[in-house]
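Coordinates in review
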Amino acid sequence: MIRLTGIERTFVVGGEMVRALRGVDLHVARGEYLSIMGPSGSGKSTLLNMIGLLDRPNAGTYELDGHDVTALDDDQLARVRREMMGFVFQFFHLVQRLTAAQNIELPMVLAGIDPGERRARLERLLSDYGLADRGGHRPDQLSGGQCQRVAIARAMSMGPSVILADEPTGNLDRRTGQEVMAVLEQVHRDGGTVLLVTHDPEIGSHAKRRLRMVDGAIVSDERVD
Amino acid sequence: MRSADLLEFAWQVLRGYRARTLLILLAMGIGVAAVVAVTSLGEGARLYVVNQFGSLGTNLVIVLPGRSETAGAMPGVLIGKTPRDLTLEDALALKRSHAIRRIAPLVVGTGDVHVGARVRETPVLGSTAEMKDVRSMEVALGRFLPEADPRQSAPVCVIGAKVAAELFGARQALGEWIRIGDRRFRVIGVAAKQGQSLGFNTDEIVIVPIAAAQALFNTEALFRILVEAKSREQIAAAKSDVEEIIRLRHEGERDVTVITQDAVLATFDRILRALTLAVAGIAAISLAVAGILIMNVMLIAVTQRRREIGLLKALGATARQVRLMFLTEAVLLAIGGAAVGLAVGQIARQLAAQLYPAIPFEAPWWAMLAAPATAVITAVLFTLAPARRAARLDPVQALSRR
Ligand SMILES: Nc1ncnc2c1ncn2[C@@H]1O[C@H](COP(=O)(O)OP(=O)(O)OP(=O)(O)O)[C@@H](O)[C@H]1O
Ligand SMILES: [Mg+2]
């Protein structure tokens with residue numbers, strides 16, 4: 001469903017060109033569970049943002065479900081993001097003034113889904129991710145693991161085809177990290193396509209397909225069963 | 001995004017940043033309250049003046065000696081040589097006009113009024129029986145000056161309520177004699193309390209027949225002539241008749257100024273309206289200041305909420321939605337501020353009304369509409385730039401810690 005061909009991404013920093021992605025080719029099928037590892041600065045986040053339509057390539061093509069998305073304008077990209085992509089970040093990125101339930105609802109609110117439908121989905125998400133009695137709590141009243149589960153529930157609220165997780169356990173202790181990984185695995189088992197960026201080999205080993213990046217290029221791509 | 005959700009989201013932001021919200025509400029509120037208070041004051045002054053002139057009498061035309069340059073409302077600078085006096089004969093001649101119902105010639109001076117051993121210096125007004133109706137005066141006790149040939153001086157007078165109290169105390173004034181200079185007058189009436197109007201306080205004057213006043217002050221010259229036109233429509237005709245009759249009597253010289261109550265009123269009305277508008281404009285500047293405050297606060301908010309904006313975009317918010325979020329916030333702030341301002345303005349108006357009951361303080365309808373509208377429009381205008389900046393944020397950069 002995701003097909004990248006010759007993707008280039010360069011940044012200009014202080015007059016110098018930084019090639020964050022150097023001609024990346026990648027094909028990801030629906031339902032795959034894929035981890036991306038590699039040293040810091042190798043372009044993992046840049047690749048993930050590219051796939052998540054947050055960033056545009058300087059060269060190359062990106063086909064999503066057979067459609068070329070490099071030609072879409074910003075608002076069209078926003079709509080595709082809303083319908084198909086679910087982001088999970090290292091620092092959770094929850095809105096502090098909103099409750100867990102309100103945070104989870106945000107994508108549905110942006111999509112204009114009516115409140116009745118929202119409530120129904122919210123109830124299911126809260127119980128699916130073990131947050132049934134936490135809906136009314138604000139992020140600062142939740143543990144790190146709970147915050148990340150809220151973030152995952154938020155990412156899942158629009159029933160996305162792809163979950164993009166950039167170091168989702170990077171800010172959690174080992175045990176909570178395992179807990180969050182279990183949740184991502186559940187998403188995968190339910191048929192979700194999961195792309196996971198991590199530094200931690202143990203976390204990365206959860207995935208069935210493992211990419212390694214160095215200097216903006218994919219240097220290895222192995223599958224385990 | 002549904003409008004209800006947009007409002008809810010903005011509401012959460014306003015609640016989330018309480019101090020900031022209160023600050024802007026205060027600034028907006030002060031601006032709106034200032035416009036309301038200042039326009040109530042101006043409108044109050046205007047209505048006060050209009051009422052004062054209205055109480056002078058109806059369909060009034062005033063004839064003054066001397067030609068005013070502007071020939072308009074205010075007897076201003078005199079040009080040319082000293083004008084010819086207005087005389088009682090001039091006044092009586094005006095009766096020939098079909099547009100004129102009544103005339104009241106006036107002679108004004110100051111005299112020492114004696115009752116027994118008591119003396120009081122009082123303005124003394126000489127006029128005729130018709131003055132009562134021309135000026136819409138009321139007599140509290142007794143009657144007004146008798147209908148008689150104005151060239152004859154009867155030894156009678158009508159005194160103001162305050163003069164009566166000071167000279168006679170609790171005693172009955174009617175029928176008593178007073179002495180002004182070397183002439184004696186019998187009190188035949190006490191004027192009802194009417195207060196100040198056009199330079200005279202009717203509570204503090206003594207009114208005598210015009211011939212008596214002329215003798216008392218040893219003058220032929222009239223201070224002015226009050227003329228009552230037959231109807232509102234006849235005011236213009238009365239004015240031109242007066243000018244024509246006096247011109248003929250003064251050997252073709254146009255040496256009087258004829259002003260109509262309407263013209264005076266219209267002038268005051270114009271001046272005070274303009275003044276109200278001007279001060280309202282000045283007060284509106286404080287709204288612009290509030291607008292700049294909003295812009296500043298919103299710019300800070302865009303920086304502060306960079307990550308949140310980046311997140312919203314990652315979650316699928318379009319640029320339009322981000323702009324709308326900020327604009328909704330600004331509009332809510334403006335409406336809230338306007339509501340606070342209108343309330344505070346009303347309280348200020350009521351306080352002023354209690355302190356000065358004579359002045360009808362009332363914010364004009366246009367100010368009640370314009371102040372909140374200006375608040376909302378400035379808020380929106382000053383939020384456009386910050387909102388656009390927010391909508392343009394690159395989500396990747398906004399979300400990163402850089
Ligand atoms: N917005 C940007 N402006 C300039 N340079 C950037 C930007 N984003 C990324 N880069 C550069 O691109 C390269 C790849 O960055 P990227 O964030 O993708 O690395 P990463 O593999 O995710 O590293 P880490 O493991 O530290 O998160 C780096 O050299 C980085 O400095
Ligand atoms: Mg990274």
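Residues numbered from 1 in each chain as written. Chains lettered and ligands numbered in written order. Predicted model: local features only at pLDDT ≥ 70, side-chain atom pairs only at ≥ 80, totals over all residues. Heavy atoms only, no water.

1. Looking at the site of ligand 1
Selection criterion: Think of it this way: one heavy atom of a residue within 4 Å of a molecule or strand is enough to make that residue near it. Each polar contact in these results corresponds to two N or O atoms within 3.5 Å; when the atoms are within protein, one needs to be able to donate a hydrogen and the other to accept it, and residues that are neighboring in sequence are counted only if both atoms are side-chain atoms. Areas reported as accessible are Shrake-Rupley estimates using a 1.4 Å probe. Residue values count occlusion only from the protein chains shown. Put simply, DSSP H or I for four residues or longer makes a helix, DSSP E for two residues or longer makes a strand, and each gets a number counted from the N terminus. Under the scheme applied here, ten amino acids are nonpolar (Ala, Val, Leu, Ile, Met, Phe, Trp, Tyr, Cys and Pro), four are charged (Asp, Glu, Lys and Arg), and all others, including Gly, are polar.
Around ligand 1 lies a shell of 15 residues, among which Ser40(A), Gly41(A), Lys44(A), Ser45(A) and Thr46(A) are the nearest. One chain alone does not account for the residues near ligand 1; they come from chains A and B. At 2.8 Å from an oxygen atom of ligand 1 is found a main-chain nitrogen or oxygen belonging to Gly41(A). A distance of 2.7 Å is found between an oxygen atom of ligand 1 and a side-chain nitrogen or oxygen belonging to Lys44(A). Considering ligand 1 on its own, with 630 Å² of exposed area, one finds that the protein chains cover 74% of that surface. Those elements that place two or more of their residues in the shell around ligand 1 are strand E1 (2-13), strand E2 (16-28) and helix H1 (44-51) of chain A. With three residues, H1(A) is the single largest residue contributor to the shell around ligand 1. Of the residues belonging to the shell around ligand 1, the class tally is five nonpolar, seven polar and three charged.

2. Brief notes about the environment of Leu351(B)
Residue and element names in this part refer to chain B. Put simply, the rule is: Between buried and exposed lies partly exposed: a residue is buried under 20% and exposed over 50% of the maximum accessible area for its type, with that area taken using a 1.4 Å probe on protein chains only.
One can find Leu-351 in helix H10 (residues 319-355). The exposure class assigned to Leu-351 is exposed, which follows from its relative accessible area of 51%. On a C-alpha basis, the gap between Leu-351 and Phe-361 in space is 9.8 Å, while along the polypeptide they are ten residues apart.

3. A few points about the domain arrangement of chain B
The condition is simple: Here the limits of each domain have been adopted from an automatic or database domain assignment.
Split by domain assignment, chain B resolves into domain 1 (3-52 + 273-399) and domain 2 (84-254). Each of domain 1 of chain B and domain 2 of chain B has a C-alpha centre, and these two points are 57 Å apart.

4. Some thoughts on the interface of chain B and chain A
In plain terms, the rule: The contact criterion used throughout is that any non-hydrogen atoms of two residues lie within 4.5 Å. A 1.4 Å probe defines the accessible area here, and the buried area is the portion of it lost by two parts on being joined, summed over both. Salt bridge, as used here, is a side-chain nitrogen of Lys or Arg placed within 4 Å of a carboxyl oxygen of Asp or Glu.
Between chain B and chain A, the contact holds 29 residues from the first and 27 residues from the second. Approximately 2300 Å² of surface area, both sides summed, lies buried where chain B meets chain A, with 62% of it carried by carbon and sulfur atoms. For the interface between chain B and chain A, the tally reads two salt bridges. With its nearest N and O atoms 2.6 Å apart, the salt bridge here joins Arg118(A) to Asp5(B). Connecting chain B to chain A are eight residue pairs in polar contact (both at pLDDT 80 or more). Looking at the side of chain B that touches chain A, the elements with two or more residues in it are helix H1 (3-16), helix H9 (306-314), H10 and helix H12 (395-399) of chain B. When grouped by side-chain class, the residues that make up the side of chain B that touches chain A number 14 nonpolar, five polar and ten charged.

5. Focus: the pattern of salt bridges
In the structure shown here, the tally under the stated rule is 38 salt bridges over all chains. The salt bridge involving Arg120(B) is made with Glu166(B); its shortest N-O contact spans 1.9 Å. One end of the pair, Arg120(B), is in strand E3 (residues 118-127); the other, Glu166(B), is in helix H5 (residues 161-168), and 46 residues separate them in sequence. Look at Glu166(B) and you get partly exposed, because its relative accessible area is 35%. Bridged by salt links that share partners, the residues Arg97(A), Arg20(B), Arg305(B), Glu308(B) and Glu329(B) form one connected network.

6. A few points about the pairing of strand E7 (residues 183-191) of chain B
Residue and element names in this part refer to chain B. Short version of the rule: Pairing between strands is defined by DSSP: at least two bridges between them are needed.
Bridging between strand E4 (residues 139-142) and E7 involves three bridges; their strand directions are antiparallel. The residue of E7 that forms the bridge with Val-139 is Ala-191. Here strand E5 (residues 156-159) pairs with E7 via four bridges, running parallel. Considered in E7, the bridge of Cys-157 is made with Val-187. For strand E6 (residues 177-180) and E7, the ladder comprises four bridges, and the chain directions are antiparallel. What sits directly across from Trp-177, in E7, is Arg-186. Joining the antiparallel neighbours E6 and E7 is a turn of two residues, in which Gly-181 adopts a positive phi near 60 degrees.

7. Comments concerning the packing of aromatic side chains
For clarity, the cut-off: Aromatic pairs are defined between Phe, Tyr and Trp rings, using the six-membered ring for Trp, whenever the two ring centres lie within 6.5 Å; interplanar angles under 30 degrees are classed as stacked, those over 60 as edge-to-face, and all others as tilted. For a lysine, the NZ atom is tested; for an arginine, the CZ atom; a charge sits over a ring if that atom is within 6 Å of the ring centre and within 35 degrees of the ring normal.
This model, assessed by the stated rule, comprises one aromatic pair over all chains. When the centroid spacing of 5.8 Å and the interplanar angle of 5 degrees are considered together, the rings of Phe87(A) and Phe89(A) count as stacked. Each member of the pair Phe87(A) and Phe89(A) is classed as buried. For the cation-ring pair, Arg97(A) lies above Phe9(B), with the distance from its terminal atom to the ring centre recorded as 5.3 Å.

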